[in-house]
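Notes for the structure review
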Amino acid sequence: MLIDSFAKEKIDEIIRRTKEDMSKSLTTYGMKQNMRKLFDELRDLLQDSVDLTEETRRLIKAIHKKFQDEYGFKEIEPQLFSIKQHQFELEQIFEEGEASAIAPEPR
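Residues numbered from 1 in each chain as written. Predicted model: local features only at pLDDT ≥ 70, side-chain atom pairs only at ≥ 80, totals over all residues. Heavy atoms only, no water.

**Notes on the nonpolar core**
Of all hydrophobic cores here, the largest spans nine residues; its members are Ile14, Leu38, Phe39, Leu42, Leu45, Leu46, Ile83, Leu90 and Phe94. Among the elements of the structure, helix H3 (28-71) and helix H4 (84-102) are those that each provide at least two residues to this core. For this core, the element with the most residues is H3, which contributes five residues. Setting aside anything within four residues of it in sequence, one finds Leu90 in contact with Phe39, Leu42, Arg43 and Leu46. (Core = buried A, V, L, I, M, F, W, Y, C linked by side-chain atoms within 4.5 Å. Buried < 20%, exposed > 50% of the residue type's maximum accessible area, 1.4 Å probe, protein only. Helix = DSSP H or I, 4+ residues; strand = E, 2+ residues; numbered from the N terminus. Contact = heavy atoms within 4.5 Å.)

Okay, structure coming up:
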């Protein structure tokens, strides 16, 4: 499920749709709105992966708890898949795009 949430086809479709929408945009504002929509969709994909990993972690903990109770396994804390760095990078790119969209053009 996690791999499917980042399927190349899914991301390519989001990018293709954004390119198409941007090419139809007649104003800077419209292009900026399409870029914002792109980043929102990418954020949603990242959040879906966070939700999936959290659900998986809970399942692993429950299974391990059962083994611990039944067979005396010692308690573990499953290592989490982290996308914080990717979220940070995506936010930086978005902020750079926002800043350049409002910066005055050089003369």
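Moving on from the coordinates now.
**A short note on the confidence of the model for the chain**
Across the chain, the average pLDDT comes to 83, with 88% of residues at 70 or higher. Here H4 is the element of the chain with the lowest mean pLDDT, 79, and helix H2 (residues 8-24) is the one with the highest, 93. (pLDDT = per-residue confidence, 0-100.)

**Details of the environment of Lys74**
For Lys74, the position within the fold is in the loop between H3 and H4. Judged by relative accessible area, which is 69%, Lys74 ranks as exposed. Along the backbone, Lys74 and His64 are 10 residues apart, and their C-alpha atoms lie at a distance of 8.9 Å.

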